[in-house]
Amino acid sequence: MKKPALLVLATLAAVLVAGCQNQRAPAEQAVAAAESSLTNIRDAASHYAPDQLQQVDAQLNSAKDSLAKGDYKGVLASMPALNTAIANLRDTATAKQQEADAANAKAKDAWGPMSTDVPKMVDAISSRVDILSKSHHLPHGVTKDSLASAKSAVDSMKSAWSDASNAASSGDYATAVSKGQGVRDQASQVMQSLGMTSS
Amino acid sequence: MADDNKPAADNPYTQTHLVQSGETLSKIAEKYYGDASLYTKIFQANRDLLTDPNKIRPGQKLRIP
């Protein structure tokens, strides 16, 4: 190859390298900005949109791999899609968080009366179970088995109610009401089995 | 939840019994507990209404703990 041709090739190579180097800083900044955006929403996203977060993480990791390999052009080309994915993830997580907050507020309203009502049911059952345990003959409709089940149920209801109360104390009213409703349902069944439902 | 066996007077889930003519606390205890000797449980739960376990009147609404 003649010298002029070599000179042209060398010049082209230099231009290409210089061009790539010119894209390095923007590519690094773009990845850093995307990573920062994702960090800001990671907690909410991991809670409310974990699958979507996983996909965005994969896109970010791909961009970081390209950056490490010096493919700055590829990095910059992938940025619009990545930024859109992060924005969509933020929207999804925010919407789901708002839904959860609204549900929790509704549950908090339900917890108020439940928190005084259900313990009274359990207290009434507990009292009846204690008295029936001292009885020499069980009343009509109550068997040894149903009394034994009721005794066991009192313990499990007290335990479940403790869990519900703890959830409410921590602000998780949705869980509190869910568990509390379970205790209420169980208490209703036990009251029926002990003949406590009619006067 | 209360730890003792005495349901609160305002507990709406405590069963009640409307006293009929001729009934005694023992008969009521037998009906609800299967054991007449447990009438004292009903008496204790209704001390605000009853002063003597042998004196109940028709129409009284008794709590059955």
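Residue positions are counted from 1 within each chain, in the order its sequence is given. Labels are handed out in written order, letters beginning with A for the chains and numbers beginning with 1 for the ligands. Owing to the predicted nature of the model, reporting of local features is limited to residues with pLDDT of at least 70; listing and counting of side-chain atom pairs is limited to 80 or more, with chain, interface and lining totals taken over all residues. Computation of side-chain values covers all heavy atoms of the structure but excludes hydrogens and water.

Now for the overall build of chain A. When you go through chain A residue by residue, the secondary structure sums to five helices and zero strands. Elements are defined by DSSP. Helices are runs of H or I of four residues or more, strands are runs of E of two residues or more, and each kind is numbered from the N terminus. The N-to-C order of helical and strand elements in chain A reads α-α-α-α-α. Working definition: with a 1.4 Å probe on protein chains only, accessible area under 20% of the residue-type maximum means buried, over 50% means exposed, and in between means partly exposed. Counting every position in chain A, which comprises 199 residues, the buried fraction comes to 33%. Accessible surface, chain A as shown: approximately 11,500 Å² in total, 53% of it carbon and sulfur. To be clear on the numbers: accessible area is Shrake-Rupley with a 1.4 Å probe, and residue cover counts the displayed protein chains and nothing else.

Each helix and strand counted, chain B has two helices and two strands in total. For chain B, the α and β elements follow one another from N to C terminus as β-α-α-β. Classification of the 65 residues of chain B by burial places 40% in the buried group. Residue contacts are defined here by distance: any two heavy atoms, one from each residue, within 4.5 Å place the two residues in contact. A fraction of 48% describes how many contacts in chain B between residues 6 or more apart in sequence connect residues 24 or more apart.

This brings us to the confidence of the model for chain B. Summary of the metric used: pLDDT quantifies the predictor's per-residue confidence within the range 0 to 100. Per-residue confidence for chain B gives a mean pLDDT of 90, with 86% of residues at or over 70. In the predicted complex, the global pTM is 0.71; the interface-specific ipTM is 0.89.

Right, let's get into the packing of aromatic side chains. Residues and elements named next belong to chain A. Paired rings are identified among Phe, Tyr and Trp, the last through its six-membered ring, by centres lying within 6.5 Å, and are further divided according to the angle between planes into stacked (under 30 degrees), edge-to-face (over 60) and tilted (the rest). The tally for this structure, following the rule as stated, stands at one aromatic pair over all chains. A ring pair is formed by W111 and W161, whose centres lie 5.0 Å apart and whose planes are at 20°; its orientation type is stacked. With W111 in helix α3 (residues 72–133) and W161 in helix α4 (residues 144–169), this residue pair connects regions lying 50 residues apart in the sequence. Each member of the pair, W111 as well as W161, carries the same accessibility label: buried.

Looking now at the interface of chain A and chain B. Listed by partner, the interface residues are 26 residues for chain A and 21 residues for chain B. Buried area: the sum, over both parts, of the accessible surface (1.4 Å probe) that disappears when the two are put together. Summed over both sides, the interface of chain A with chain B buries roughly 2,000 Å², with 53% coming from carbon and sulfur. By definition here, a salt bridge exists when the distance from a side-chain nitrogen of Lys or Arg to a carboxyl oxygen of Asp or Glu is within 4 Å. Between chain A and chain B we count zero salt bridges in total. Broken down by secondary-structure element, the contributors of at least two residues to the side of chain A that touches chain B are α3 and α4 of chain A.

Among buried residues, the Ala, Val, Leu, Ile, Met, Phe, Trp, Tyr and Cys ones that are joined through side-chain atoms within 4.5 Å form a nonpolar core. Among the nonpolar cores identified, the biggest contains 43 residues, and A:W111, A:I125, A:M157, A:L194, B:I28 and B:Y33 are the most heavily contacted of them. Within the residue set of this core, elements represented by two or more residues are α3, α4 and α5 (173–193) of chain A together with α1 (25–33), α2 (39–45) and β2 (61–64) of chain B. Here this core gets 11 residues from one element, more than from any other, and that element is α3(A). When neighbours within four sequence positions are excluded, A:W111 is seen to be in contact with A:W161, A:A164, A:S165, A:A168, A:Y173, A:A176 and A:V177.

This part is about the packing of α4(A) against α5(A). Residue and element names in this part refer to chain A. For the pair α4 and α5, the least separation of the axes is 8 Å and the interaxial angle reads 165°. Taken together, the axes of α4 and α5 are roughly antiparallel relative to one another. Judged by the sense of rotation from one axis to the other, the crossing of α4 with α5 is left-handed. Between α4, through S146, A150, A153, S156, M157, A160, W161, D163, A164, A167 and A168, and α5, the contact on the second element is made entirely by Y173, T175, A176, K179, G180, V183, Q186, A187, V190 and S193. Polar here means any residue outside two lists: the nonpolar Ala, Val, Leu, Ile, Met, Phe, Trp, Tyr, Cys and Pro, and the charged Asp, Glu, Lys and Arg; Gly therefore counts as polar. Partitioning the contact of α4 with α5 into residue classes produces 13 nonpolar, six polar and two charged. What counts as an axis is a line fitted to C-alpha atoms, over the stretch in contact for a helix, and the angles between N-to-C directions run from 0 to 180 degrees. Should an angle fall under 35 degrees it is taken as roughly parallel, and over 145 as roughly antiparallel, whereas 65 to 115 is taken as roughly perpendicular and any remaining angle as oblique. Working rule for handedness: look at the near helix, and if it is turned counterclockwise from the far one by less than a right angle, call the crossing left-handed; if clockwise, right-handed.

In this section: the side chain of B:Q15. By the secondary structure assignment, B:Q15 is in strand β1 (residues 15–18). Whenever a nitrogen or oxygen atom comes within 3.5 Å of another N or O atom, the pair is scored as a polar contact, on the condition that within protein one atom can donate a hydrogen and the other can accept it, and that pairs from neighbouring residues in sequence are kept only if both atoms are in side chains. Reaching out from B:Q15, the side chain makes a polar contact with the side chain of A:R128 at a distance of 2.7 Å.

To continue, consider α5(A). Every α-helix winds through 3.6 residues per turn, so residues three or four apart in the chain are directed the same way. All names here are of chain A. An ideal rise of 1.5 Å per residue puts 30 Å on 21 residues; α5 measures up with 30 Å between its terminal C-alpha atoms. Considered for burial, the residues of α5 that qualify are Y173, A176, V177, G180, V183, A187, V190 and M191. The arc that holds the buried residues of α5, viewed along the axis, is 145°, so those residues lie on one side. Those residues of α5 that are exposed and angled more than 90 degrees off the buried face are S178, Q189 and Q192. Tucked inside the fold, the buried residues of α5 contact α3 and α4. Between the first and last residue of a helix there are one fewer steps than residues, each counted as 1.5 Å, and that sum is the expected span. Our arc is simply the arc of the directions from the helix axis toward the C-beta atoms.

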